[in-house]
Amino acid sequence: MTTMTTQTTPVLEARDVTMRFGGLTAVRSVDFTVNSGEIVGLIGPNGAGKTTFFNCLTGLYVPTEGKVSYKGTVLPPKPHLVTQAGIARTFQNIRLFANMTVLENVLVGRHTRTKEGLWSALLRGPGFKKAEKASEDRSMELLDFIGLAHKRDHLARNLPYGEQRKLEIARALASEPGLLLLDEPTAGMNPQETRATEELVFAIRDQGIAILLIEHDMRFVFNLSDRVAVLVQGEKLVEGTPQVVQADERVVAAYLGTPFEGAPGADEVAEVEAAEADADTATPTATADSTTSTRGESQ
Ligand SMILES: Nc1ncnc2c1ncn2[C@@H]1O[C@H](COP(=O)(O)OP(=O)(O)OP(=O)(O)O)[C@@H](O)[C@H]1O
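Residues numbered from 1 in each chain as written. Predicted model: local features only at pLDDT ≥ 70, side-chain atom pairs only at ≥ 80, totals over all residues. Heavy atoms only, no water.

For the protein, the name recorded in an unreviewed UniProt entry is ABC transporter ATP-binding protein, with Streptomyces aurantiacus as its organism.

## Observations regarding the side chain of Arg 165
Structurally, Arg 165 can be placed in helix H6 (residues 161-173). Of the residues examined, Arg 165 reaches a relative accessible area of 4% and is grouped as buried. Excluding residues that lie within four positions of it along the chain, Arg 165 makes contacts with Phe 91, Gln 92, Asn 93, Ile 94, Asp 183, Glu 184, Pro 185, Ala 187 and Met 189. (Helix = DSSP H or I, 4+ residues; strand = E, 2+ residues; numbered from the N terminus. Buried < 20%, exposed > 50% of the residue type's maximum accessible area, 1.4 Å probe, protein only. Contact = heavy atoms within 4.5 Å.)

## A closer look at the packing of aromatic side chains
In this description, an aromatic ring pair is defined by two values, namely the gap between the centres and the angle between the planes. This structure, assessed with the given rule, holds two aromatic pairs. Summarising the aromatic geometry, the rings of Phe 21 and Tyr 61 are spaced 5.5 Å apart at their centres and angled 80° between planes, so their arrangement reads as edge-to-face. Taken together, the residues span a long stretch of sequence, with Phe 21 in strand S1 (residues 10-21) and Tyr 61 in the loop between helix H1 (50-57) and strand S4 (65-70) at a distance of 40 residues. For Phe 21, a relative accessible area of 35% gives the class partly exposed. Geometry around Phe 91 places Arg 95 over its ring, the cationic atom sitting 3.8 Å from the centre. (Phe/Tyr/Trp six-rings, centres within 6.5 Å; stacked < 30°, edge-to-face > 60°. Lys NZ or Arg CZ within 6 Å of the ring centre and 35° of its normal.)

## Quick look at the pattern of salt bridges
Taken as a whole and judged by the stated rule, the model has 20 salt bridges. Its salt-bridge partner being Arg 165, residue Glu 168 comes within 3.8 Å of it at the nearest N-O pair. You can see Glu 168 and its partner Arg 165 sitting in helix H6, three residues apart, about one turn around the helix. We note that Glu 168, like Arg 165, is buried. Salt bridges linked by common partners bring Glu 38, Arg 227, Lys 236 and Glu 239 together as one network. (Salt bridge = Lys/Arg side-chain N within 4 Å of Asp/Glu carboxyl O.)

Shown next as structure tokens:
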């Protein structure tokens with residue numbers, strides 16, 4: 001087992017990444033780096049652009065502008081080529097092969113690392129048979145690592161939720177990545193499962209794999225991450241250690257929905273508010289005994 005490295009070689013570098021959907025800019029000019037040995041958290045309110053940014057990193061979306069490099073090489077915008085290059089991911093919603101066994105799910109994850117490819121793996125072609133033993137050994141090692149070796153022959157759909165999430169991680173690890181992207185790994189988990197996931201993420205990092213995670217559970221993300229970046233309305237608002245990010249009043253404001261000077265989208269909000277104020281003064285006001293307006297109060 002490789003121990004954690006302290007060097008700061010960039011593993012992932014996103015430069016000036018912008019993603020537009022028609023008139024909507026979901027991600028705007030984001031620069032972002034993950035270094036070897038790091039756990040980096042990506043947080044932001046709902047709709048901030050986190051998943052869109054993930055999809056740009058993994059080739060699911062072709063960014064409208066900008067480029068993404070892995071270990072110094074610009075990535076092709078094709079998910080299987082990105083996986084082959086060394087980036088693996090899990091999804092917000094579990095995407096296992098429900099009617100395949102635990103072991104088969106991990107074996108499928110190895111197809112980018114075997115010459116035979118996905119179809120041969122699924123159809124048990126002759127080429128696959130040769131590589132089967134080595135692949136199975138490695139898959140069992142991974143199942144052992146995540147604590148599911150004893151369930152190798154269970155159908156994925158029969159696993160409890162927390163174990164399905166672990167299995168997804170094992171399947172991602174089966175492609176032998178240098179960087180693992182986790183999209184809300186603790187979504188739907190109870191506190192015990194969340195703690196177990198925390199330990200698992202540290203253990204993966206200790207194997208020399210850098211980690212980037214999107215997460216809504218703040219305690220989880222601040223406990224785990226060496227660095228946290230905050231996206232708000234598609235722009236990177238703040239980036240730093242958990243302590244720096246937690247203490248930044250703009251982050252608190254963004255989560256509470258309170259506008260602040262220079263916030264992404266603040267100009268548009270100000271314009272709308274000004275237009276609303278104009279409309280209010282143009283409209284006959286409510287009667288003197290009307291109840292107090294709550295407009296502008298925090299919810
Ligand atoms: N395929 C798409 N087509 C059009 N608009 C999209 C698409 N995907 C995302 N968006 C929009 O882009 C913005 C960012 O969405 P995204 O899902 O990336 O945010 P998020 O930060 O991951 O949100 P959440 O935390 O709720 O998952 C939203 O306004 C969303 O509606």
